[in-house]
Amino acid sequence: MTPFASGMVRDVVVDRYQQLLDEYDSEELLVLTGSPTSMGTFRTLLDDVVPGAAVPRVTSLVVQATEVVNKTDDRTILSDTLRRELVHRFLEDYDWECDYLHRAAQQPSFAEDIGGLMETATWQNAALDTTRELEEITSVRDAFHEWLANHDHMVRGQLINEATSVLEDPDQRNDIVDASAILAVEFEEFLPPDRRYLQTISDGVDLVCVAETDASIRRTRMESGSLADQVSFTDEETLDREDITRRPEAAAAYWARGIVPDDPERGQVNVLATETSDEQLHQVADEIERLRETEEWNYDDFAVGLQHSGSALKDTLRGLERSGLPTESSTVVGFGDDPAVRELLQVTRYLGSGGEHRDEILADHSALDQGLLEDIEAMNGLAAPLRRWATDSNLKHRIVDENDPLDARSQFSDVERVFRMASFVEDTAFIDTSWQSFADMLERAHEYAPQHNQTSATERDGGVQVDHVEAIKNGRYRAVFLLDLVDEEYPGDAWLTRLFPQERVAGMPDYPGVTNVDADDVEATFSTDSTESSRPLRRYYAELSRRRLASGAAAATDRLYCCLYEYEDTALEERTQASRFLADSYRTLSWITEAPDETIRSERAAEEYLLSRVDRALSDVRRSRSQDVTVALDDLEADLAEVHELLENSGRRGERLRDALHARVDFAMGEIRRE
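Bear in mind the structure is a predicted one, so any value in this text is a computation, not a measurement.

**Observations regarding the overall build of the chain**
Stage number 1. Secondary structure summary: the chain contains 29 helices and 13 strands in total.
Stage number 2. By the burial criterion, 51% of the 675 residues in the chain qualify as buried.
Stage number 3. Nonlocal contacts in the chain, meaning residues at least 24 apart in sequence, comprise 75% of its contacts between residues at least 6 apart.

Structure follows, in structure tokens:
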């Protein structure tokens, strides 16, 4: 066990791996991480340790379990998108016995909420055998899995348990497991089924587990108490805390353990406060560009962390990209707002509809070629016609021409996903192979695209890391920006599900998550006590939120930015409150300071400044008509000439800005007006 925010985890992993290399070849050593998003982090960490041209064998629990199942089971493992689709189809005509579930089934989000709960319970191998509603959900889940098995399919949530059953057979295990020693990292995040799987796969081989105290996020959502309460080893070693040498680590230690450290003097922790959440992203982009210029850092030296994934994370990616920053993310895909996917969605909508509705689609999307649509409608199948559309409509060339290489690669990946979904419908006998059926499927995939994908990583990389804090937990970045440090996010509410009210969930002892807790459970799980609430459930999730904040902060080596905004982006512009965690640490840790107001560094800031210069110039000219104001027209002409020359040399971006300037002038002159 290593102490939290001491910077020792990575050193200990390297040290234990080197010790194992003294006894085994690198091919005999298997490194297992708790999450697929951490594979790259630890693989990079160990690259310099293995001798010669060898590479470390680093994989995650679920990826390794997938390999085991693929070797022993012919069933197809469904992606999360296909699982959601089949859950929807399976539940479409289901008649619920419980009155509560029967009424809830009328809500649009019901199938998605039930599917998520079923999948969570499957990952945990949870019984759900006490509460009447959960008992019925369990029976539906088991029937769904049986239905899938009859059609040679399975869901990802079954992988750990299925692989464990395979490896419990000694004959099969000896044929599959080819490791002589296993190093398990992030062990503090292993759930009970994960620990059972690890115990099974490590039978007869050396096993070393590395865990960090007060660092568990994923496990403590499902299991209260410390890891020491759950597991015992033959040999255990708890390392002492080394001196904290940097302020970001000191802030993380304070949030995770309540320890008030001395000022390390190295590094910086700044509060970046803006008026709105949109401005928050603009300021983050400006500061990244400033540091790139002054410190000569690369984009991959930066990380932007949020408490949760989903639509908020996707909005953050989009906002930073609009400010000119390349981004990467290990958990979020752009499927929901990818223009190439939207185009294919319109094609399937057209082919799946008829009559006047087709005319409406063509009227709303002038880019659709009706002649080509009629040609592909005459073809058989789904995937081949879609590929024909992509080829004959020059979709590939348009993606390349209209996007930078990073976005183009992401769109190619999304388009390929659509093709695979179409092939799945064609090859699956119990799904209607029609354009209407596929249009419904693609519509739902498009709608739920922002949902967190808990089992796989995307291929989007090449820039600033933008993720929820769990995904950056074990990384190391020169600068980390933690967004939305307002009270409604940190700690926020103990939101568990839309299916049941929170008070109802708190009374469900068999719900797959921590719900039935008392004060002793809170104290046994967390070292901090930062909320005045007397309700144990609310206190529990408040401390878990504080731990998330600490984990994000611990990823920063040089600079940590605590970002917040003053007003919500709503019609009423409600005022926000700074996170109680930040307010407390701002009083306690004197070296947390406000970020300085810097000069223009980013393309976005330059564009806004450019447009504002024209606005000010026009305003000065107008005021000169009615006030005793003198305007130096020669100076103004020289300024605008410089702007014109700059735009002439700025390619397509300059052309767009010139159009914006012309529109600005036309609006000021009254030649155009807002509708």
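**Some thoughts on the side chain of glutamine 158**
Stage number 1. Here glutamine 158 shows up in the loop between β4 (153-155) and α8 (159-167).
Stage number 2. By relative accessible area, which is 9% here, glutamine 158 ends up buried.
Stage number 3. There is a polar contact of 2.9 Å between the side chain of glutamine 158 and the backbone nitrogen of valine 155.
Stage number 4. Setting aside chain neighbours within four positions, we find glutamine 158 in contact with Arg75, Thr122 and His145.

**With respect to the pattern of salt bridges**
Stage number 1. All chains considered together, the criterion is met by 38 salt bridges.
Stage number 2. Counted as one network, the salt bridges with shared partners bring together Asp15, Arg16 and Glu237.

**Brief notes about unusual backbone geometry**
Stage number 1. Here the residue pair tyrosine 490 and proline 491 is connected by a cis peptide bond, since its omega of 15° sits within 30 degrees of zero.
Stage number 2. Located in the positive-phi region is glutamate 265, a residue other than glycine, with phi close to 75°.
Stage number 3. Examined against the element boundaries, glutamate 265 turns out to sit in the loop between α12 (247-257) and β7 (268-274).
Stage number 4. Residue glutamate 265 is classed as exposed on the basis of its relative accessible area of 63%.

**As for the confidence of the model for the chain**
Stage number 1. When pLDDT is averaged along the chain, the result is 85, and 85% of the positions lie at 70 or above.
Stage number 2. The secondary structure element of the chain with the lowest average pLDDT is helix α27 (residues 603-626), at 56, and the one with the highest is strand β11 (residues 477-482), at 97.
Stage number 3. Contacts of residues 450-460 to residues separated by more than four positions or lying in other chains number 32 contacts, the stretch itself having pLDDT below 50.

**Some thoughts on the nonpolar core**
Stage number 1. Among the nonpolar cores identified, the biggest contains 61 residues, and Ile137, Leu386 and Phe438 are the most heavily contacted of them.
Stage number 2. Sequence-distant contacts of isoleucine 137, that is, excluding residues within four places in its chain, are made with Trp96, Leu101, Ile114, Leu117, Met118 and Phe500.
Stage number 3. Counting residues in each nonpolar core, the second largest holds 37 residues, with Ala250, Ile472, Tyr477 and Leu549 among its members.

Rules used throughout
- Starting from 1, residues in each chain are numbered consecutively following that chain's sequence as written.
- Totals for whole chains, interfaces and linings use all residues, but because this is a predicted model, local features are given only for residues with pLDDT of at least 70 and pairs of side-chain atoms are given and counted only at 80 or more.
- With hydrogens and water excluded, all non-hydrogen atoms of the structure serve as input to the side-chain values.
- Numbering of helices and strands runs from the N terminus; a helix is a DSSP stretch of H or I covering at least four residues, while a strand is a stretch of E covering at least two.
- Any residue under 20% of the maximum accessible area for its type is buried, any over 50% is exposed, and the rest in between are partly exposed; the area is computed with a 1.4 Å probe on protein chains only.
- We call two residues in contact when some of their heavy atoms are within 4.5 Å.
- Polar contact is the term for a pair of N or O atoms within 3.5 Å; when the atoms are in protein, one must be able to donate a hydrogen and the other to accept it, and sequence-neighboring residues count only if both atoms are side-chain atoms.
- When a carboxyl oxygen of Asp or Glu is within 4 Å of a side-chain nitrogen of Lys or Arg, the pair counts as a salt bridge.
- Residue-level confidence of the predictor, termed pLDDT, takes values from 0 up to 100.
- Nonpolar cores are built from buried Ala, Val, Leu, Ile, Met, Phe, Trp, Tyr and Cys residues. Side-chain atoms within 4.5 Å join them into one set.

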